[in-house]
Amino acid sequence: MSQGLRSRMTSPVVAWVLLILSVGMFVAFGALFYSPVTPPSFLANGNGLTGFWVFPLVSVPVIGALIAIRRPSNPLGWVSLGSGVAMGASLLGGLCGSLLSNAHQSSGRYLVLLSSIFTAPTAPALGLLLVILLIFPDGSLPSRRWRWFMLTLLALMFVGVFLAVINPTPGYLEVAGGPDVSPLAIPGAAGAVNTLTTPFSIALDVLGVIAVASLFLRLRGADSERRHQVRWVAS
């Protein structure tokens, strides 16, 4: 990538666009989810409390935009903004897909697959948050040896979404009002998919513990320059 193109792609304008897009999708999700358009059945079984854990996630793209605008060379800001866009698309797309499916519109069955970003056994929404922890505060990995961790994490996120969309188990997508079975489900694959789900989920949990531990170890052994970076990000 040329220097000029990189400068344009990491300009404050791009950061603002990604921030507006991600926050807009969160706001649209909340307005739609708690509006009369959404059937009461969607809010049953505790689903009405979704906003309590969803809306705090808006802080991820907001903080990412602040970093990207002030320090465009730091990948941390752009990863956080990308995470916000992905999570917003998952929430809004999943809800719109459920509403369309509930209205017997076939297109909703495919749109609801975006919800797998949150509901997959190795959810990319969680995986992206682990990436943010891993590259905090300067946007780089602790060392070259951590590349294996990043590659494993990315592979788990990709495979987790793949397993979610091919699983023929009714209700596996865990989307209120959505289709019982993914339109891309492979008949007869439920046994294999469900068998793989447990070890993949455990693997993501283990990587999560490692990512959190690496953050504390990184900050504990930080020099004055690294501590200054942490204070700058936190300020």
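Calculation notes
- Residues numbered from 1 in each chain as written.
- Predicted model: local features only at pLDDT ≥ 70, side-chain atom pairs only at ≥ 80, totals over all residues.
- Heavy atoms only, no water.
- Helix = DSSP H or I, 4+ residues; strand = E, 2+ residues; numbered from the N terminus.
- Buried < 20%, exposed > 50% of the residue type's maximum accessible area, 1.4 Å probe, protein only.
- Contact = heavy atoms within 4.5 Å.
- Areas by Shrake-Rupley, 256 points an atom, 1.4 Å probe, with all protein chains shown as cover.
- 1 Å grid on protein atoms, 1.4 Å probe; cavity = no way out; pocket = protein on both sides within 12 Å on 5 of 7 lines; lining within 4 Å.
- Points joined across faces, edges and corners; volume = space filled by probe spheres on them.
- Nonpolar A, V, L, I, M, F, W, Y, C, P; charged D, E, K, R; others polar.
- Axes fitted to C-alpha atoms, helices over the stretch in contact; angles between N-to-C directions.
- Parallel < 35°, antiparallel > 145°, perpendicular 65-115°, else oblique.
- Left-handed = near helix turned anticlockwise from the far one by under 90°.
- Core = buried A, V, L, I, M, F, W, Y, C linked by side-chain atoms within 4.5 Å.
- Phe/Tyr/Trp six-rings, centres within 6.5 Å; stacked < 30°, edge-to-face > 60°.
- Patch = residues over 30% accessible without salt bridge, like charges linked within 9 Å, V, L, I, M, F, W, Y side chains within 5 Å.
- Salt bridge = Lys/Arg side-chain N within 4 Å of Asp/Glu carboxyl O.
- Expected span 1.5 Å × (residues − 1).

1. Some details on the overall build of the protein chain
Looking only at helices and strands, the protein chain features eleven helices and zero strands. Secondary structure elements of the protein chain occur, N-terminal to C-terminal, as α-α-α-α-α-α-α-α-α-α-α. The 235 residues of the protein chain split such that 43% are buried. Of the contacts formed within the protein chain by residues at least 6 apart in sequence, a portion of 67% connects residues at least 24 apart. Total accessible area computed for the protein chain in this model is approximately 12200 Å², and 70% of it derives from carbon and sulfur atoms.

2. A closer look at the layout of surface pockets
The volume enclosed by the second largest pocket comes to roughly 230 Å³. Taken together, the elements giving at least two residues each to the lining of the second largest pocket come down to helix H4 (59–70), helix H5 (75–102) and helix H8 (124–135). Considering each element in turn, the lining of the second largest pocket owes the most residues, four residues, to H4. For the lining of the second largest pocket, the residue count by class is ten nonpolar, two polar and no charged.

3. Quick look at the packing of H8 against helix H10 (residues 190–220)
Running from N to C, H8 and H10 point in directions that differ by 20°, and their axes come no closer than 8 Å. With respect to each other, H8 and H10 are oriented roughly parallel. In the packing of H8 onto H10, the handedness of the crossing is left-handed. In this structure, H8 uses Leu 126, Leu 130, Leu 133, Leu 134 and Ile 135 to contact H10, whose residues at the interface are Leu 204, Leu 207, Gly 208, Ala 211, Val 212, Ser 214, Leu 215 and Arg 218. Residue composition of the contact of H8 with H10, by class: ten nonpolar, two polar and one charged.

4. Thoughts on the packing of helix H2 (residues 12–33) against H5
Between H2 and H5, the least distance of the axes is 8 Å, while the angle of their chain directions is 30°. Accordingly, the angle class assigned to the pair H2 and H5 is roughly parallel. Crossing handedness for the pair H2 and H5: left-handed. Residues Val 14, Ala 15, Leu 18, Leu 19, Leu 21, Ser 22, Met 25, Phe 26, Ala 28, Phe 29, Leu 32 and Phe 33 of H2 lie in contact with H5, whose contacting residues are Trp 78, Leu 81, Gly 84, Val 85, Met 87, Gly 88, Ala 89, Leu 91, Leu 92, Leu 95, Cys 96 and Leu 99.

5. Focus: the nonpolar core
If you look at the biggest cluster of nonpolar residues, it comprises 33 residues, and the most contacted ones within it are Phe 26, Phe 29, Leu 76, Met 87, Leu 95, Phe 149 and Leu 153. For this core, the elements supplying multiple residues, two or more each, are H2, H4, H5, H8, helix H9 (147–166) and H10. Per element, the largest residue contribution to this core is six residues, and it comes from H8. Setting aside its immediate chain neighbours within four residues, Met 87 contacts Phe 26, Leu 57, Val 60, Phe 118 and Ala 125.

6. Points about the packing of aromatic side chains
A complete count under the given rule lists five aromatic pairs for this structure. Ring plane angle 20° and centroid distance 6.5 Å describe the contact between Trp 146 and Trp 148, whose orientation is recorded as stacked. Every member of this aromatic cluster is reached through a ring pair, and the members are Phe 29, Phe 33 and Tyr 34.

7. Concerning a nonpolar patch on the surface
Taken together, the side chains of Tyr 34, Leu 43 and Phe 55 make up a nonpolar region of the molecular surface, amounting to roughly 250 Å² of accessible area. Tracing the chain through its elements places Leu 43 in the loop between H2 and helix H3 (50–54). Look at Leu 43 and you get partly exposed, because its relative accessible area is 31%.

8. Quick word on the environment of Gly 93
Structurally, Gly 93 can be placed in helix H5. Exposure remark for Gly 93: the relative accessible area of 8% places this residue in the buried category. Considering only alpha carbons, one finds Gly 93 and Ser 115, 22 residues apart in sequence, at a separation of 6.9 Å. If we skip the residues at most four places from it in the chain, Gly 93 touches Gly 88, Leu 111, Val 112 and Leu 114.

9. With respect to H8
With twelve residues, H8 ought to run about 16 Å at 1.5 Å a step, and its terminal C-alpha atoms sit 16 Å apart, in line with that. Listed as buried for H8 are Pro 124, Ala 125, Gly 127, Leu 130, Val 131, Ile 132, Leu 134 and Ile 135. On its buried face, H8 is in contact with H4, H5, helix H7 (116–119), H9 and H10.

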